[in-house]
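The residues making up each chain are set out below.
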Amino acid sequence: MARNLFYRAANIVQLSRFTLIVGSKSLCTQIPAEPLTVRQQNNGIRSITLNNPKKRNALSLSMLESLRGNILADIDDLRVIVISAKGPVFSSGHDLKELTSAQGRDYHFKVFQACSEVMTLIQDIPVPVIAMVNGVATAAGCQLVASCDIAVVTEKSTFATPGVNVGLFCSTPAVAIGRAVPKKVAMEMLFTGSPISAQDALLHGLVSKVVPEERLEEETLAIARWVCQASRPVVALGKATFHRQMAQGRDAAYAIASRVMVDNLALRDGQEGIRAFIEKRKPVWTNKAEKAHDE
């Protein structure tokens, strides 16, 4: 009997050890959370995917910080950025759970400041940024589309600023949208919150191109590859100048643009392009902001 009790006790100890080992392994092998954005890059084309479909790719503070980091990461060989999303919603805008009174005014400022920084970064970064949209883009999600340089969308995509219907007017999305579409179109979107179709978005200038869903990636990458064929410093100079002159009156805009045309001609790639045209050959870009002659 004593021997049976000994064996039983030994088995209990072994079982307890096994349970502890299994328990410790289960604690150590927790599945890591998926990143909020996913970055890939090939031949100068960077793809950034909003990767939180369960929350409709809401632009939470964490999502905005992740997006900002992936835009800025290692830009030396970067030529163009494509922003897309996983799931049927491109982005539903801000995470309303972050905008309750419980979070506090300082946190609210932090959210909107981060959002504004990302939107201005998209326009300030010296490479074109393309939105590739296949679904719903609302509020700050619509703002994201409007902030991009180019937007290629599918026929089923829709765009709206519905904040007014939940008591939060889309004032920050209005900054980008109001600069992308006519004033009266923007005001109707903002006052009613009603969605507009992809075709209406194209008609009013919110998006660049509407394509069938099966051709979305193909059409977007075709534009990206065209961008990659141009000189990197020439594209960077052109993008910066476009946004700068758009904020000016007509005469000031022409003064800025005329000066930049002269600066462009002083670039080695500027002169290479002209020589290649005259000599009927393809240009060979340096893709560096080197000067061909003194200014």
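Reading guide: rules and limits
- Position numbers for residues count from 1 along each chain, tracking the sequence in the order it is written.
- Whole-chain, interface and lining totals are the exception, using all residues; otherwise, since this is a predicted model, local features are given only for residues with pLDDT of at least 70 and side-chain atom pairs are given and counted only at 80 or more.
- For the side-chain quantities, the full set of heavy atoms in the structure was used; hydrogens and water were omitted.
- Helix and strand definitions here come from DSSP, where helices need a minimum of 4 consecutive H or I residues and strands a minimum of 2 consecutive E residues; each element is numbered from the N-terminal end.
- Relative accessibility under 20% of the residue-type maximum defines a buried residue, over 50% an exposed one, and the middle range a partly exposed one, all with a 1.4 Å probe and only protein chains included.
- Contacts: residue pairs with any heavy atoms within 4.5 Å of one another.
- Values of accessible area rely on a 1.4 Å probe in the Shrake-Rupley scheme; residue burial ignores everything except the protein chains shown.
- Stacked, edge-to-face and tilted are the three classes for Phe, Tyr and Trp ring pairs, Trp counted by its six-membered ring, which pair at centre distances within 6.5 Å; planes under 30 degrees apart are stacked, over 60 edge-to-face, the rest tilted.
- One confidence number per residue, pLDDT, is output by the predictor and ranges from 0 to 100.
- Within this document, salt bridges are pairs made up of a side-chain nitrogen of Lys or Arg and a carboxyl oxygen of Asp or Glu, the two lying within 4 Å of each other.
- Note on pairing: two strands pair once DSSP finds at least 2 bridges between them.
- Think of each axis as a best-fit line through the C-alpha atoms, taken over the contacting stretch in the case of a helix, with angles from 0 to 180 degrees between the N-to-C directions.

## Re the overall build of the chain
(1) Moving on: A count of helices and strands for the chain gives eleven helices and ten strands.
(2) Moving on: Counting every position in the chain, which comprises 295 residues, the buried fraction comes to 40%.
(3) Moving on: Within the chain, contacts between residues at least 6 apart in sequence are counted, and of these 67% link residues at least 24 apart.
(4) Moving on: Of the roughly 17,500 Å² that the chain leaves accessible, carbon and sulfur atoms contribute 57%.

## Brief notes about the environment of Asp200
(1) Moving on: Along the chain, Asp200 turns up in helix 7 (residues 198–204).
(2) Moving on: Remark: the alpha-carbon pair of Asp200 and Phe159, spanning 41 residues in sequence, is separated by 9.4 Å.

## Considering the packing of aromatic side chains
Aromatic ring pairs are reported here in terms of the distance separating the ring centres and the angle at which the planes meet.
(1) Moving on: According to the stated counting rule, one finds one aromatic pair in the structure shown.
(2) Moving on: Ring plane angle 55° and centroid distance 5.9 Å describe the contact between Phe169 and Phe191, whose orientation is recorded as tilted. One end of the pair, Phe169, is in the loop between strand 8 (158–160) and helix 5 (171–177); the other, Phe191, is in helix 6 (residues 183–192), and 22 residues separate them in sequence.
(3) Moving on: Among the residues examined, Phe169 registers a relative accessible area of 33% and is labelled partly exposed.
(4) Moving on: Since its relative accessible area comes to 52%, Phe191 is described here as exposed.

## Some details on the confidence of the model for the chain
(1) Moving on: Averaged over all residues, the pLDDT of the chain is 91; the fraction at 70 or higher stands at 89%.
(2) Moving on: Here residues 1–28 is a poorly scored stretch, pLDDT under 50, and it has zero contacts once near neighbours within four places are set aside; other chains count.

## Looking at the pattern of salt bridges
(1) Moving on: One pass over the structure, following the stated rule, counts ten salt bridges.
(2) Moving on: A salt bridge links Arg259 to Asp263; the shortest N-O distance between them is 3.7 Å. Linking Arg259 with Asp263, this pair stays in helix 10 (residues 250–265), spanning four residues, or about one helical turn.
(3) Moving on: With relative accessibility at 48%, the residue Arg259 sits in the partly exposed group.
(4) Moving on: Through salt bridges with shared partners, a single network forms among Glu272, Arg275, Glu279 and Arg281.

## Re the sheet that holds strand 5 (residues 129–133)
(1) Moving on: What the six strands build is an open sheet, ordered 1-2-3-5-7-10; its pairing is mixed. Where the open sheet ends on each side, the last strands, each with one partner, are strand 1 (37–42) and strand 10 (209–211). On average, each strand axis in the sheet is tilted by 20° relative to the strand beside it, whichever way the strands run.
(2) Moving on: Here four bridges tie strand 5 to strand 7 (residues 150–154), and the two strands are oriented parallel to one another. In the sheet register, Ile130 faces strand 7, and the bridge partner there is Ile150.

## Some words on the pairing of strand 2 (residues 45–50)
(1) Moving on: The buried fraction of strand 2 amounts to five of the six residues, a majority that puts the element mostly inside the structure.
(2) Moving on: In this structure, strand 1 lies alongside strand 2, joined through six bridges in antiparallel fashion. If you follow Gln41 over to strand 2, its bridge partner there is Arg46.
(3) Moving on: In terms of strand pairing, strand 2 meets strand 3 (residues 80–85) through six bridges, oriented parallel.

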